[in-house]
Structures are given as structure tokens and as C-alpha cells.
Amino acid sequence: MTPRPTPSGSDPKKSAAKAAKSVKKAAEKAVTKKATAKTPDAVAEKAPVKKTDPVAKKAAAKKAATKQAVAKKAVTKKVVTKTAAEPNAVGTAVTKKAAAKKGTAKKAPAKKAPAKARKVAAPVQASSPEVSAPASPPETPAVVPAASPEVPAGDRERLLSGTHHDPHGVLGAHPVPGGVAFRAFRPYARAVTVVAGEVRAELHDDGDGFFSGLLPLSEVPAYRLLVAYEETVQDTEDAYAFLPALGDLDLHLIGEGRHEQLWTALGAQPMTHQGATGTRFTVWAPNARGVRVAGTFNFWDPSAYAMRSLGGTGVWELFVPGVGEGELYKFEITRPDGSKTLRADPLARRTEVPPNTSSIIHASHHEWQDGEWLARRAEGAPAHEAPFSVYEIHLPSWRPGLTYRQLAEQLPAYVKELGFTHVELMPVAEHPFGGSWGYQVTGFYAPTARLGTPDDFKYLVDALHQAGIGVLMDWVPAHFPRDDWALAEFDGRTLYEHEDPLRAAHPDWGTLEFDYGRREVRNFLVANAVYWCEEFHIDGLRVDAVASMLYLDYSREPGQWVPNVHGGRENLDAVDFLQEMNATVYRRVPGVVTIAEESTAWDGVTRATHHMGPGGFGGLGFGLKWNMGWMHDSLDYMAHEPVHRKYHHHEMTFSMVYAYSENYVLPISHDEVVHGKRSLVSKMPGDWWQQRANLRAYLAFMWAHPGKQLLFMGQEFAQGAEWSEAHGPDWWLLDPAYGAEADHRGVRDLVRDLNAVYRATPALWQRDTDPSGFQWIVGDAAEDNVFAFLRHDAEGSPLLAVTNLSPVVRPGYRLGAPDDVPAWLETLNTDAARYGGGDVTNPDVVKPDPQGWHGRPASIQVTLPPLATVWLRPA
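As the structure is a computational prediction, the values presented were derived from the model and not from experiment.

1. Regarding the pattern of salt bridges
Opposite charge on two side chains makes pairing possible when the charged atoms of those side chains draw close.
Working step 1: Applying the stated criterion across every chain yields a total of 41 salt bridges.
Working step 2: Note that Glu 535 and Arg 349 form a salt bridge whose closest N and O atoms lie 3.7 Å from each other. On the criterion of sequence distance, the pair formed by Glu 535 in helix 14 (residues 519-535) and Arg 349 in the loop between strand 16 (340-343) and strand 17 (359-360) is long-range, its members being 186 residues apart.
Working step 3: For Glu 535, a relative accessible area of 22% corresponds to the partly exposed category.
Working step 4: Here Arg 791 and Asp 768 are joined by a salt bridge, their closest N and O atoms 2.8 Å apart. Of this pair, Arg 791 sits in strand 31 (residues 786-792) while Asp 768 sits in the loop between helix 22 (741-760) and strand 30 (774-781), and the two are 23 residues apart along the sequence. We note that Arg 791, like Asp 768, is buried.
Working step 5: What emerges from the salt-bridge pattern is a single network uniting Arg 258, Glu 260, Arg 522, Glu 534, Glu 580, Arg 587 and Arg 588.

Below is the structure:
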């Protein structure tokens, strides 16, 4: 039976007084005047015991004297920490009053308890059985309860083995014929005493850590437990006296797979429940035979902390009073085969620093200061119609050794100076192996502890927002590692991963793929996307490895995959998941953007989910998509020596064939500057001067091309070495004491100016996804290695971008031009001396001639520097 809580609206003091009065009355009936005149030991010896109950008789005869002494000496004013105003308090004033009245009460010698015990309760030294009790009566009535029916053998065995589904139905306080039965399971305890108001009743020791007793009460009182161990006594509320701390609506939504704030229902949640402070532990483990909680608060012994199963949802729950923030914990799960596994919490909000793997109880205390930023974000234009240039960062190595809070002092200022609108953080979710750069996640709801706490990470996001910089983060719902303390076969069977081994094993990374067809798993991931946006104010999610999710045959040979119900290769479950995730995030969090790293030609990645495409699928619902085709083609072109580039001219123009099929981001990411691919400047041909010139020309071509920009850290100042997570960017290249510092600073200054002109020129971003925003001037000048095009804003105002990727100056180069622009002015030239170039520029206003050229009625003549890009705007 479930213990009854104090009725809503009742007076706790009156309830406690009523319970105490009832216990006192029972005590008066049980203890004769003759016994009262004697010592507590004598009272215990004369306490009535049922002759038909050998267990109770044996307990009364053998243990009464020693246990009375233990309880008498343990319960001093240091045992009970509550104030006299609280209903269950054995107040200090009462103790002092009793001592003064009797003149015999003695204070137990104080002894410092272990730190973890002090967090749970205020401990005192427990007396050993050999120490005699004081020769005075107790301050409050001490009752020897009658023996209650022992825990049935089946329940006893299941509790001992950690396989009980309903420990609350056995432990705690329950009305039974003859009164209220109290049962506790506290392995290693020497005694357990029930305290109801001012009355104490020591339970019988039933062996194996079980304690029980029957008090002649009409209802379950408000009570506490005094649990005496070898050197300490813990004063605590009984975890098994509480109703479930998870509501029916939460359970319903979890069962439906539609709990959009799942992190508020599962995991470890510090809270006040039925008037008690503590932590609610909840975990989804439908295949488990039993679940228990282990942590620093119980010295990693889960025996006494069995969780209950809440119906058919697969959720297990336990509210543990007295346990709060900062405690480490894991779940001990008994698998279907009876073996046990100790698992980190899938919904943990905070973790230990790797390689340690415990979860940590956490509650946020960060006070956000970015309200103005969020209001602007919600009211602003969507990302594909706004300036959007991204600086991609691997936080642990940007400035190695800095914490989140230290990064907050440096990163916003640096990014703001360079003019980027956003930063993109490589996965910040917790991961065990640093060399994965965060792409093999074990703690989906916890920022990595390597750099600080979750509130520290919030502080960094807040600082970036206050500097006017948006925050994107890489999100990895495609797979997870096989670590045996994390998600893999979490409760003994396939749970988060697909039950089909061919579908579960990721062929490229040795990881496991999520089962997107299981509603609880899909809910886990959709809620996770919402979590980062709502709890951490993240402005957008770049979703990693989307292609590996969309195709059943991704990196698989024939025979290694099974077609879908229509005979196709599309993963229909993954399609449904991505559509649900995008629809939910956009509905719940105004102004965010989702970005797909999708490397194939899947139709409708950035199309609305309710718009059907020619393939019969609705759009996936992303806001933007990485243009992997442009990235590969343009980098291949740039790697060629200029003399050979005319044979590869199409590699720079082909992207415009499909530029408006999706809303694109042009990504020069970390993937392009590691694993032998060389840094961006090192990909360029020629000597050092030519490499830097090629890089500058390429960056300006990229910033003018339709689509948004993304550049990985270190490439903004032409770092020559590949990126390594072990040491990060080579900042020493910008040290004025370094001889070639000016070369690197010149490239960085160009990036700063590109962003400044870009943000101030709507033609470069306002119509990125509208074909009317782009016009070729000349796209087929392969012999000259020249590309020229116009960009237009919503009002029709143009910007002319011209790139010369040959190593020769082209003076007086004629270009077709609109006849409605009376004059042009050079607004950016990558060959300027301040960037490290040869300073071949067009300093004067350029006026069009009436001579037609490139199919236009007018033309202009400009000087094209070698290996350079020039931007001109109407004068």
C-alpha cells in the first residue's frame, strides 16, 4: 500500500501533535507505573511482547538494553537539525528543558562525521552496545513497537537483489490491522528509530538490513528516521514515505513520445516534494528488472535506494530527501539476465570531467542578461535573408587552457573585432574522447565539464549575445559511442540503438545509430534540440552527418542493408525524426535556425515540412544547408596552378546551376584543414606571396558568392599548419616580434574588412536565395581565369565582384555593366598593400562607356590585380 501524505490544507503541527499524542497513549498503556519508576533498561525489559511472536520476544529480551542506550545517547540536540517550529522537530529547547527538569540528561560527546554523511543529516556519535545508558528516563517517550509482519520472502529477496518494481509498497509506513507498520531497509545500520513528533520508537532488527515495527496508530503520522551506523547517526526523512514526484501528464507525454521538455521530467532534479527538500531521480529503462541509485550520498552503495517502476512507461522514480546539488550519482540497472550495470544518467545536466564518468546533480543559478538580444532575434529576418557569417571554433583549443568564463573575457571581443555575426561551436555536449572533437557524445544534455559547469557555459553564451554575436552549436543526433557506462544497450537490451544489428552499427565510425522509429528515442533527441535552445539560449543547431541518417545504404554494401517498405533506400524513420525536430524547434523558439550538414542531393532539405517534393517527401524543414559541392569544387580549382585553371573553370561556376535549390552556407570548416588536407593557405599553389594572394582572392570570392559564409579558426590569419586539437591555432604568428607577422595580420585584416563591407551591403546577403539577386557579367572567361558577377539587394542596388585568378595584372579589362549606374567606386581590393598585396588598385571613380560588352549596353574598364578580387559599388 502507498503511504498517505499529510492531507492538503491540514495543519502539520496539529498532525504531528495528534500522532505524538496517539503514540504517547499507546506507550502509557504498554508501560506500567512500576516500569516507569525504573530505568529505561527496565522499562524495555517489561515492555509487553506477544508470546506468539518469537522474533519480537527475542528482540525485546536480547537487544532492549543496548538499543535503548544507543538511542538515548544518539538523540541529542545535534541530531535533529530542524527548528522547533517544524512539525517533526525534536527541538533543542525541549531537550534543554528536559535536561533541566530531570537534572540527569547528559550530552553525548561530539564526533565529526564523514563529509557525505553531514550533507544528508546532522550526525552524532553513535554509542556502542557495550556503553551503559544514563541512569535517567528519556526526555520523550521511547516506545518499543510490537513486531510487525516481516517483509515477505519474495519481496525481501527482490529488495536484496535490486529487482523490486515497487519498493514503496513494502518499505515505509503502511496501515495494517492493529496499527501502522514501519519497515526500513538500511544495510550496515545498527539501529533504525522512528521519530514522530516528540516520540521515538526503535524498530526491530529483522536481519540483512531490514528493520520493522508496529505502532498502534489509526493513521500514518509525519515521521523521520534516525539511522544509527557505527560512528554516526543520520536524521532523515524516509524516501519511501513519498508519493511519486513525477506527474501523470509527464508520464503520458513520455509514453506518447511527445514530452518536448523531457529534461524537466527525467534525470536528477533537485526539488521540494511534500514539504521536503531533496532530489527526484528518474530514468527510462523499460527492460530493466530493477533500478537503484548509487552516489556519493550513499557511499556508492545502492542497496537502500531502490527505485519504483511507474506503470508501463518504463520510467523508474525515487525521491531521495536530503540530497542536493553537487552530489555524484549513477543508476545501477539489473538487466533481464540478472547481471548488473552501472550507468551514467542519459539526461544528466552535468558530468564529471573526463575520463571520470559520473553524473552530477545540478540546478542552474545563472541570471541571463541577454533579453535585448533574444527580443531582436525573435523579431528579425530569417537567417537566409540576413547577414550571416560564421566563425567556427573548437572551444577547448581556441586558447588552450581557458575555461568557459575565461573564454567569455576574450572570445566575444575577438569575434566582434573580426565582424562575424555568429560563432559555431564544435560539439560542446559531453564526450569521453577529446580526439573525437566532441562528435561522439555520451552526455547529450550536459556541456563538457572540461571547461567548467553548465552555468559557466551559459555565462559564455550570455557574453557573446551581449557583444551582438549569435551562437550556433554542432549537434550530433546521428550516432553515439559504445561505452558500457553510457547509452549502449542501456538497460541490457537494445534501447537507444536499433534492434537490427545492421541498422545499429555505424559502418564508418564504430559507433551506434539511434533507432529513430522508437517514439521514446525520437523524443529524447527532439527534446534535446529544444533543450539547448531554451536552456542555453543557443541561436541555432548545425546538425552533423545528416546524410548518414537519411540513407539506409549509407557506407553499406549490398546485403548489408534492407530496403524500406516502399523498396527504397531512404530511412523513413530518420526523415520523420528530422521533420519533427525542425518543426518543434522552430515552433518553440522564435528566431533560431537549424543547419544541415548534408552532402548529397536530397531534395528539400530546406523546404518546409508540409510542402511535398517530386520524390513524394515533405521538406526536412532546415533553415540552411551546407553547400558541400561548392566547397569541394572551389577548393579543387584553387589547388591547381594558374596555368592549368582554364581547364577547370567550370568548377568555380557550376555551383550557380543549383545555387537556389536550397538555402546554402558556404563552409570552409575544420574538416577541410585536418588529416593531411593541409590548412587553407597551404592548399594554394605558388610561393608564399602567391599562396597568400590566392587565399585573399578566394575569401573575397566566397564572401560575394550567393550563400552564407563559414570559416574555421586559424584560417582567418593564414595559419600554415593543419589544425590540431592538442594545441589549437598558431597565435604566435600574430606576435609583432615574429618576422612574418605582417603577412598573417594582413589576411586577418582582410577578413575583418570583408565582414564589415558584407554586413553594410544588403546586396551581398539579402537575396541569397532569390535568383534575381545574382547576374553573371562574365562566367566563361576561362582563358583569362576571370569571374565577374553582380549582386542585387531587395531595392535593386548592385555590387560588382570581379576575381582574377591568374598571376598577371590585367589593365583596362573591359566588363559589361548596367547602364543605369553612372559611376563605380572600388570598395574592396584584396591586393591592397595593407593586406600584404602589391597595391594594384583602382583609386579613381570608374565611369561606364556606351560601348556594349558581354551582352550589356554599357561597359567599364578596370585594372585587375593578379590573384585578386575587387568589389565595386555605385559611387
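2. A closer look at the sheet that holds strand 11 (residues 276-284)
Two strands in a sheet stick together by hydrogen bonds in their backbones, pointing the same way (parallel) or opposite ways (antiparallel).
Working step 1: Within the open sheet, the 4 strands sit side by side as 10-11-14-13. Their pairing is antiparallel. Every other strand in the sheet has two partners, leaving strand 10 (267-273) and strand 13 (308-309) as the edge strands with one partner each.

3. Considerations on the nonpolar core
Working step 1: With 183 residues, the main nonpolar core has Phe 281, Leu 395, Phe 457, Trp 532 and Trp 871 as its most contacted residues.
Working step 2: Among the elements that line this core, the one with the most residues is helix 14, at 10 residues.
Working step 3: Ranked by size, the runner-up nonpolar core spans 20 residues in total, among them Ala 173, Ala 189, Ala 201 and Leu 203.

4. Details of the side chain of Asn 694
Working step 1: By secondary structure assignment, the location of Asn 694 is in helix 21 (residues 688-704).
Working step 2: Residue classification places Asn 694 among the buried positions, given a relative accessible area of 1%.

5. Points about the sheet that holds strand 31
Working step 1: Ordered in space as 30-31-32-36-34, the 5 strands form an open sheet in which the pairing is antiparallel. At either end of the open sheet lies a strand with only one pairing partner, and these are strand 30 and strand 34 (824-829). Recorded for the sheet is a direction-independent mean angle of 20° between the axes of neighbouring strands.
Working step 2: Of the strand pairs in this sheet, strand 31 and strand 32 (residues 798-804) are connected by 7 bridges, and their pairing is antiparallel. Bridged to Phe 787 within strand 32 is Thr 803.
Working step 3: Along the sheet, helix 21 makes contact with strand 31, strand 32, strand 34 and strand 36 (868-874), crossing strand 36 at roughly 40°.

6. Section: the packing of aromatic side chains
Working step 1: The tally for this structure, following the rule as stated, stands at 47 aromatic pairs.
Working step 2: Measuring from centroid to centroid gives 5.8 Å for Phe 297 and Tyr 305, while their planes differ by 70°, and the two rings are edge-to-face.
Working step 3: Residue Phe 297 is classed as buried on the basis of its relative accessible area of 2%.
Working step 4: Residue classification places Tyr 305 among the buried positions, given a relative accessible area of 9%.
Working step 5: A centroid spacing of 4.7 Å and a plane angle of 50° characterise the contact between Phe 480 and Phe 514, whose relative ring orientation is tilted. Residue Phe 480 is located in strand 23 (residues 479-480), and its partner Phe 514 is located in the loop between strand 24 (512-513) and helix 14; the two are separated by 34 residues in the primary sequence. With respect to burial, Phe 480 and Phe 514 carry one shared label: buried.

7. Notes on the pairing of strand 29 (residues 708-712)
Working step 1: The element strand 29 is extensively covered by neighbouring structure, given that 5 of its 5 residues are classed as buried.
Working step 2: Side-chain alternation along strand 29 places Lys 708, Leu 710 and Phe 712 on one buried face and Gln 709 and Leu 711 on a second face that is also buried.
Working step 3: Two strands pair when backbone bridges link them, and strand 18 (residues 389-393) and strand 29 are joined in this way by 4 bridges, in the parallel orientation. Pairing of Glu 392 across the sheet is with Phe 712, part of strand 29.
Working step 4: As paired elements, strand 28 (residues 664-668) and strand 29 share 4 bridges and run parallel to each other. Bridge pairing links Val 665 to Lys 708 in strand 29.

8. Structural notes on unusual backbone geometry
Working step 1: Pro 354 connects to Pro 355 through a cis peptide bond whose omega is 15°.
Working step 2: Backbone geometry at Tyr 188 places phi at a positive 75°, although glycine is not the residue there.
Working step 3: Mapped onto the elements of the fold, Tyr 188 is located in the loop between strand 3 (179-185) and strand 4 (191-196).
Working step 4: The class of Tyr 188 is exposed, set by a relative accessible area of 67%.

9. A word on the packing of helix 8 (residues 248-256) against helix 14
Working step 1: It is at 7 Å that the axes of helix 8 and helix 14 come closest, and there the two elements cross at 110°. In this view, helix 8 runs roughly perpendicular relative to helix 14, as classed from their interaxial angle. Seen from helix 8, the contacting residues are Leu 253, Ile 254, Gly 255 and Glu 256; seen from helix 14, they are Arg 519, Glu 520 and Asn 523.
Working step 2: By residue class, the composition of the contact of helix 8 with helix 14 is 2 nonpolar, 2 polar and 3 charged.

10. Examining the side chain of Thr 351
Working step 1: Following the sequence through the fold, Thr 351 ends up in the loop between strand 16 and strand 17.
Working step 2: In this view, Thr 351 contacts Ser 358, Ser 359, Ile 360, Glu 430, Ala 446 and Ala 449; residues no more than four positions away in its chain are not counted.

11. Brief notes about the environment of Gly 492
Working step 1: Mapped onto the elements, Gly 492 comes out in the loop between strand 23 and helix 13 (501-504).
Working step 2: Note on Gly 492: relative accessible area 24%, which makes it partly exposed.
Working step 3: Not counting the four nearest positions on each side in its chain, Gly 492 is found in contact with Arg 335 and Pro 336.

12. A closer look at helix 17 (residues 628-639)
Working step 1: A rise of 1.5 Å per residue sets the reference length of helix 17, with its 12 residues, at 16 Å; its end C-alpha atoms lie 17 Å apart and thus fit the reference within 8%.
Working step 2: Listed in full, the buried residues belonging to helix 17 are Met 628, Trp 630, Met 631, Ser 634, Leu 635, Tyr 637 and Met 638.

13. Side note on the packing of helix 11 (residues 404-418) against helix 12 (residues 454-466)
Working step 1: Where helix 11 contacts helix 12, the two axes come as close as 8 Å, and the packing angle between them is 10°. Our classification of the angle between helix 11 and helix 12 gives roughly parallel. Contacts from Tyr 404, Arg 405, Leu 407, Ala 408, Glu 409, Leu 411 and Pro 412 in helix 11 reach Asp 455, Asp 456, Phe 457, Tyr 459, Leu 460, Ala 463 and Leu 464 in helix 12.
Working step 2: A per-class count over the contact of helix 11 with helix 12 returns 10 nonpolar, no polar and 4 charged.

14. Description of helix 7 (residues 153-161)
Working step 1: When helix 7 is considered as a whole, its buried residues turn out to be Asp 155, Arg 156 and Leu 159. Buried residues of helix 7 fall within an arc of 100° about the axis and therefore sit on the same side.
Working step 2: Its buried side turned inward, helix 7 meets strand 3, strand 6 (204-207), strand 7 (210-215) and strand 12 (290-295).
Working step 3: Note on helix 7: the residue one or two positions beyond its end, Gly 162, has a positive phi of about 75°.

15. Digging into the confidence of the model for the protein chain
Working step 1: When the pLDDT values of the protein chain are averaged, the result is 87; 84% of them are 70 or greater.
Working step 2: Long-range and interchain partners of residues 1-17, a stretch whose pLDDT sits below 50, account for 25 contacts in this model, where long-range means more than four residues apart.
Working step 3: In this model residues 26-138 is a low-confidence stretch, pLDDT under 50, and it forms 150 contacts with partners more than four residues away in sequence or in other chains.

What counts, and where the lines are drawn
Residues numbered from 1 in each chain as written. Predicted model: local features only at pLDDT ≥ 70, side-chain atom pairs only at ≥ 80, totals over all residues. Heavy atoms only, no water. Salt bridge = Lys/Arg side-chain N within 4 Å of Asp/Glu carboxyl O. Helix = DSSP H or I, 4+ residues; strand = E, 2+ residues; numbered from the N terminus. Buried < 20%, exposed > 50% of the residue type's maximum accessible area, 1.4 Å probe, protein only. Pairing = 2+ DSSP bridges. Core = buried A, V, L, I, M, F, W, Y, C linked by side-chain atoms within 4.5 Å. Axes fitted to C-alpha atoms, helices over the stretch in contact; angles between N-to-C directions. Contact = heavy atoms within 4.5 Å. Phe/Tyr/Trp six-rings, centres within 6.5 Å; stacked < 30°, edge-to-face > 60°. Parallel < 35°, antiparallel > 145°, perpendicular 65-115°, else oblique. Nonpolar A, V, L, I, M, F, W, Y, C, P; charged D, E, K, R; others polar. Expected span 1.5 Å × (residues − 1). Arc of directions from axis to C-beta. pLDDT = per-residue confidence, 0-100.

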